[in-house]
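Survey of secondary and tertiary structure
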Amino acid sequence: MRPGFRGRLGALAALVSLAACAGSPDPEQARICRRALPTLVPAGARVTVLREASGPQERSIRIDFSQEREGRSPLPRYAVCQFSGLSRTDLSGLTSDRGPVGGAALYLLKHYYLDTPDAAVAEPGAG
């Protein structure tokens, strides 16, 4: 083995390890995003989280979920939560397969719902 080969091999292993960690969403950001999901479905629909992963943009999370209503087949859905650079838990955007959540609705969601006991009880996939 060449002398520099081990160093390069170690650096490659570190990069692979770092990339694997980058695929895991921040648990607190995932909690915030899960709490927003019930607001994206009709009243009475049940949400089942299928997958949580890093989102398409930096500081974002994508959650794939199903929307289930009595007497209907489950509907596959997704949501992408974007977090600002100011705080890792500051929700700065929410988009679903139906489009983005507007500014006023996002403001109300952040300031009057996400940290309430109702949001905690309705949070799908917690635990």
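Counting from 1, residues in each chain are numbered in the order their sequence is written. Only residues with pLDDT of 70 or above have their local features reported here, since the model is predicted, and side-chain atom pairs are shown and tallied only from 80 upward, although totals for entire chains, interfaces and linings are computed over all residues. Excluding hydrogens and water, the side-chain values take into account all heavy atoms of the structure.

This paragraph deals with the pattern of salt bridges. The term salt bridge refers to a side-chain nitrogen of Lys or Arg lying within 4 Å of a carboxyl oxygen of Asp or Glu. Considering all chains together, one arrives at twelve salt bridges under this definition. Residues Asp 97 and Arg 98 are paired through a salt bridge, measuring 3.9 Å at the closest nitrogen-oxygen approach. The class of Asp 97 is partly exposed, set by a relative accessible area of 31%. For each residue, the accessible area found with a 1.4 Å probe, counting protein chains only, is set against the maximum for its type, and the residue is called buried under 20%, exposed over 50%, and partly exposed in between. Residue classification places Arg 98 among the exposed residues on the basis of a relative accessible area of 54%. Shared partners join several salt bridges into a network, and the residues in it are Arg 34, Arg 35, Glu 52 and Glu 123.

On to the nonpolar core, then. Counting 22 residues, the largest nonpolar core has Leu 37, Leu 91, Leu 94, Leu 109 and Leu 114 as the members making the most contacts within it. Mapped by element, the contributors of at least two residues to this core are helix H2 (27–36), strand S2 (60–68), strand S3 (75–83), strand S4 (91–96) and helix H3 (103–112). What counts as a helix is a DSSP run of H or I of at least four residues, what counts as a strand is a run of E of at least two, and both are numbered from the N terminus. For this core, the leading source of residues is H2, giving four residues. Whether two residues touch is decided by their heavy atoms; if any such pair falls within 4.5 Å, the residues are in contact. With sequence-adjacent residues up to four places away left out, Leu 91 is seen in contact with Ile 32, Cys 81, Gln 82, Phe 83, Leu 106, Leu 109, Lys 110 and Leu 114. Joining through side-chain atoms within 4.5 Å is the link that ties buried Ala, Val, Leu, Ile, Met, Phe, Trp, Tyr and Cys residues into a set, and such a set is a nonpolar core.

A residue's pLDDT is the confidence the predictor assigns to it, expressed on a 0 to 100 scale. On average, residues of the protein chain carry a pLDDT of 86, and 80% of them reach 70 or more. A low-confidence stretch, residues 5–21 stays under pLDDT 50, and its non-local contacts, those more than four residues away or across chains, total two contacts.

Any pair of Phe, Tyr and Trp rings, taking the six-membered ring for Trp, is counted once the centres come within 6.5 Å. Such a pair is stacked with planes under 30 degrees apart, edge-to-face with planes over 60 apart, and tilted for the rest. Within the structure shown, the criterion is met by one aromatic pair. Ring plane angle 65° and centroid distance 6.4 Å describe the contact between Tyr 107 and Tyr 112, whose orientation is recorded as edge-to-face. Accessibility expressed as a relative area gives 45% for Tyr 107, which makes it partly exposed. Under the relative-accessibility criterion, Tyr 112 is labelled exposed at 56%. Sitting over a ring, as applied to charges here, requires NZ of Lys or CZ of Arg to be within 6 Å of the ring centre and within 35 degrees of the ring normal. Positioned above the aromatic ring of Tyr 78 is the side chain of Arg 62, whose terminal nitrogen or guanidinium carbon lies 4.2 Å from the ring centre.

Our next topic: the sheet that holds S4. Strand pairing requires that DSSP identify at least two bridges connecting the strands. What the five strands build is an open sheet, ordered S1-S2-S3-S4-S5; its pairing is antiparallel. The strands lining the two open edges of the sheet, one partner per strand, are strand S1 (46–54) and strand S5 (99–100). As paired elements, S1 and S2 share eight bridges and run antiparallel to each other. By the bridge assignment for S2, Thr 48 is matched with Ser 66.

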